[in-house]
Every structure is written in C-alpha cells, then in structure tokens.
Amino acid sequence: MIREDEGYFFGLGAFETIAVEYGKPVWADRHLRRLAEALTFLGIDRTGGEINDALEAALEDPRLQQGRYALKLTISEQNILTAIRPNPYDRQTAESGFVTAFSSVRRNETSPLVCHKTLNYGDCILEKRRAAAQGIDEPVFLNTRGEITEGAVSNVFFVREGSIITPPVSCGLLPGIAREVLMERCEIREEFLRPEDAAACEEMFLTNSLMGVVPVRRLGSRTFSGTETGMRLARELVELKNGAFGASSGDAVAGSSGGSAEAPSVDAR
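Quick caveat, the model's predicted, so the values are computed rather than measured. As a convention, each chain's residues are numbered from 1 in the sequence order in which they are written. Owing to the predicted nature of the model, reporting of local features is limited to residues with pLDDT of at least 70; listing and counting of side-chain atom pairs is limited to 80 or more, with chain, interface and lining totals taken over all residues. Side-chain measures were taken over the full set of non-hydrogen atoms in the model, leaving aside hydrogen atoms and water.

Visitor: An account of the overall build of the protein is requested, with residue identities and associated values reported.
Guide: Each helix is a run of H or I in the DSSP string that is no shorter than four residues. Each strand is a run of E no shorter than two, and both are numbered from the N terminus. A count of helices and strands for the protein gives 9 helices and 13 strands. Taken over the C-alpha trace, the protein has a radius of gyration of 18 Å; the compact-globule value for 269 residues is 18 Å, and the two agree within 12%. Each of the three principal axes of the protein carries a C-alpha extent, and together these read 50 × 40 × 35 Å. Burial classes: relative accessible area under 20% of the type maximum marks a residue as buried, over 50% as exposed, and values in between as partly exposed (1.4 Å probe, protein chains only). Of all 269 residues assigned to the protein, the portion counted as buried reaches 55%. Total accessible area on the protein stands at roughly 11800 Å², and carbon and sulfur atoms take up 49% of it. For the radius of gyration, the atom set is restricted to C-alpha positions; the globular benchmark scales as 2.2 Å times the number of residues to the power 0.38. Computed with the Shrake-Rupley method and a 1.4 Å probe, the accessible areas treat only the protein chains shown as cover for residues.

Quick look at the structure:
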C-alpha cells in the first residue's frame, strides 16, 4: 500500500531503474550512490540498510533469473517500492538506430530538480508518448537558452571531426549512469551545443542504463552520415556490462540520510 506523503502529493521522491541481466544487477552501486545523493537533496531520511534490503528482496524474484529486466526502486519519505518489467530494448536496437526530433518543451536549467532522478518526471513521460505517436523514438530537449540538453530517457552525444562531445550538466540534464561510465573510459568533451552545432556533426548517439548505447540515424531533418562510433561504443558497453555485474553494495548508500501510466522505458537513465 502506498502511503500518502510528499512523494505522493508533490513528487518529492527519488527512484532508480537498474538493468538486471539473468539475475545480475548492472552497476547497482552507481545507481544506489546516485539515489542516496537525490534523497539527501530532497531531505529524505533513509538508511542504506533499508534500501539495500528492499533491493535484495526484489532481486529474489524468480522472473529476474530468466532474461533481461528493469528493476525500479522508488523511495519517498514513507514509501519504499520496487517494480519489475522486461527490458524493452532488444539486442537489435543499436543496429537499427533511432529517429529523434527536438521537443517544443524546454528544460529549465535553473531548476535544481533536473539534475536529480526524482518523481517529477511528467515532461519526460508526456513528451515520450507524443513523440512515439509521431513515429519518433526519442524527443530531445533544449533548455531556455536554446542549448541541447538531453533526451526524455537518455543522454545525448555527438561526434564531430572524430571527437565525441556531450552537453554539460549545467545545461539542465540528469547525468546518467551509462553516461558516467562512458565519460570515465572514453575521451569525451563537454560542450554547449545548439541545434545548428548538431547539424554540423557526423554522428549522434544516445545512452541510458537499459539501452546502453544506441546510434541515431536522424535528428529532425538532419540525417547523420555515420554510426561507426556509436556502434563501436555499443559493443564495448555490452562487454563492459557483462564484466560489471554486481549485487547492491551497502557502501553505496550506507549511512545516507537527511538528506502512472507508463510509456516504454520512461525512467531508464
């Protein structure tokens, strides 16, 4: 039963969506660390032990042993909830590539909520649904200054003259776990980007925890000339994920305190 608290009434809660591959959670320690940071930001007092207990209990679900799933962990002042659904991205997603387009909704880069994974997710859900109805795989947001920020459920990257670039967090975006991993392992430059800058790039790709890396074929009217970098990183991230399985880590959240109808994969970064 969901208790009526500020998470229920006002969206003051946080969540993480963890990829689970045949019973093994991927990068759970990173997800739990980010969850702890969001709870601290929201002033929600939860111990690492109770969060870990909820995650471990959810991982005992026998369905998770049989395939590729998404495990969602949601925390508010009076609630700890878990939910399981199949991973909507299959192995062919990267090969087919995505069609994207700019959303008419703007990200508010001045809001402290945009860089935390909170229950204030309405823009993403509604824009994802609207885009899907138009045959678009992922909407891409600009901020109030007209700079590219992120997708509804993804972080965005571009390749220009062989260099990989991505918007900085200060543009108003949620720093995703897959983004974090790539930026640790690859030479990637953060840069303020406008639509005209994207038009000058050879490649674009998206990342999130469930899809990994997915090349983009088109952004609005711009068809990109290649997908080589995105495809290479997609393969590398799969290999890395296969070597990075791990259950929840108590150290990731230990001592942390004080701190809907669903469109396909609306919460996966």
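Visitor: For a nonpolar patch on the surface, give the residues involved together with the corresponding values.
Guide: Candidate patch residues must exceed 30% relative accessible area and have no salt bridge, after which like charges are joined if within 9 Å and Val, Leu, Ile, Met, Phe, Trp or Tyr side chains if within 5 Å. What counts as a salt bridge is simple: a side-chain nitrogen of Lys or Arg found within 4 Å of a carboxyl oxygen of Asp or Glu. Together, Ile-2, Tyr-8, Phe-9, Phe-10 and Leu-81 make up a nonpolar patch on the protein surface, roughly 550 Å² of accessible area in all. At 3 residues, helix α1 (residues 6-10) tops the list of elements feeding residues into the nonpolar patch. Along the chain, Ile-2 falls in the segment before α1.

Visitor: So what's going on with the sheet that holds strand β2 (residues 24-25)? Residues and values would help.
Guide: When DSSP finds two or more bridges between two strands, those strands count as paired. Ordered in space as β2-β1-β3-β4, the 4 strands form an open sheet in which the pairing is antiparallel. For this open sheet the edge positions go to β2 and β4 (80-86), each flanked by a neighbour on one side alone. Where strand β1 (residues 14-21) meets β2, 2 bridges bridge the pair, whose relative direction is antiparallel. Bridging from a neighbouring strand, Val-20 pairs with Pro-25 of β2.

Visitor: I'd love a proper account of the pairing of strand β11 (residues 203-208), names of residues and values included.
Guide: When you tally the buried positions in β11, you get 6 out of 6 residues, the bulk of the element. Here β11 shows no split at all, with Glu-203, Phe-205 and Thr-207 on one side and Met-204, Leu-206 and Asn-208 on the other all buried. Here 5 bridges tie strand β8 (residues 155-160) to β11, and the two strands are oriented antiparallel to one another. Bridge pairing in β11 links Val-159 to Glu-203. Where β11 lies against strand β12 (residues 212-219), 4 bridges are found, and the strand directions are antiparallel.

Visitor: Let's hear about the packing of aromatic side chains: which residues, and what values?
Guide: Only Phe, Tyr and Trp rings are paired, with Trp represented by its six-membered ring, and only when their centres lie within 6.5 Å; those with planes under 30 degrees apart are stacked, over 60 edge-to-face, the remainder tilted. Under the counting rule described, the total for this entry stands at 5 aromatic pairs. Each ring, one from Phe-15 and one from Tyr-121, has its centre 5.3 Å from the other, and the planes form 80°; the classification is edge-to-face. Here the residue Phe-15 occupies a position in strand β1, and Tyr-121 occupies one in the loop between β5 (98-107) and α5 (122-133), the gap between them amounting to 106 residues. As far as the burial class goes, Phe-15 and Tyr-121 line up, both buried. Relative to Phe-224, the ring of Phe-158 has its centre 6.5 Å away and its plane inclined at 50°; by these criteria the two rings are tilted. Taken together, the positions of Phe-158 in strand β8 and Phe-224 in the loop between β13 (222-223) and α8 (228-242) put the pair 66 residues apart, joining distant regions of the chain. The pair Phe-158 / Phe-224 is uniform in exposure class, with both members buried. We note Lys-72 situated over the ring of Phe-15; from NZ or CZ to the ring centre the distance is 4.7 Å. The ring of Phe-141 is capped by Arg-107, whose NZ or CZ atom sits 3.9 Å from the centre of that ring. Each ring is checked for a lysine NZ or an arginine CZ that lies within 6 Å of its centre and within 35 degrees of its normal; such an atom marks a charge sitting over the ring.

Visitor: Go over α8, please, and point to the residues and values.
Guide: For α8, spanning 15 residues, the distance from its first C-alpha to its last is 22 Å, which sits close to the expected 21 Å at 1.5 Å a residue. Listing the buried residues of α8 in full gives Thr-229, Gly-230, Met-231, Leu-233, Ala-234, Leu-237 and Lys-241. For a helix, the expected span equals 1.5 Å multiplied by the residue count minus one.

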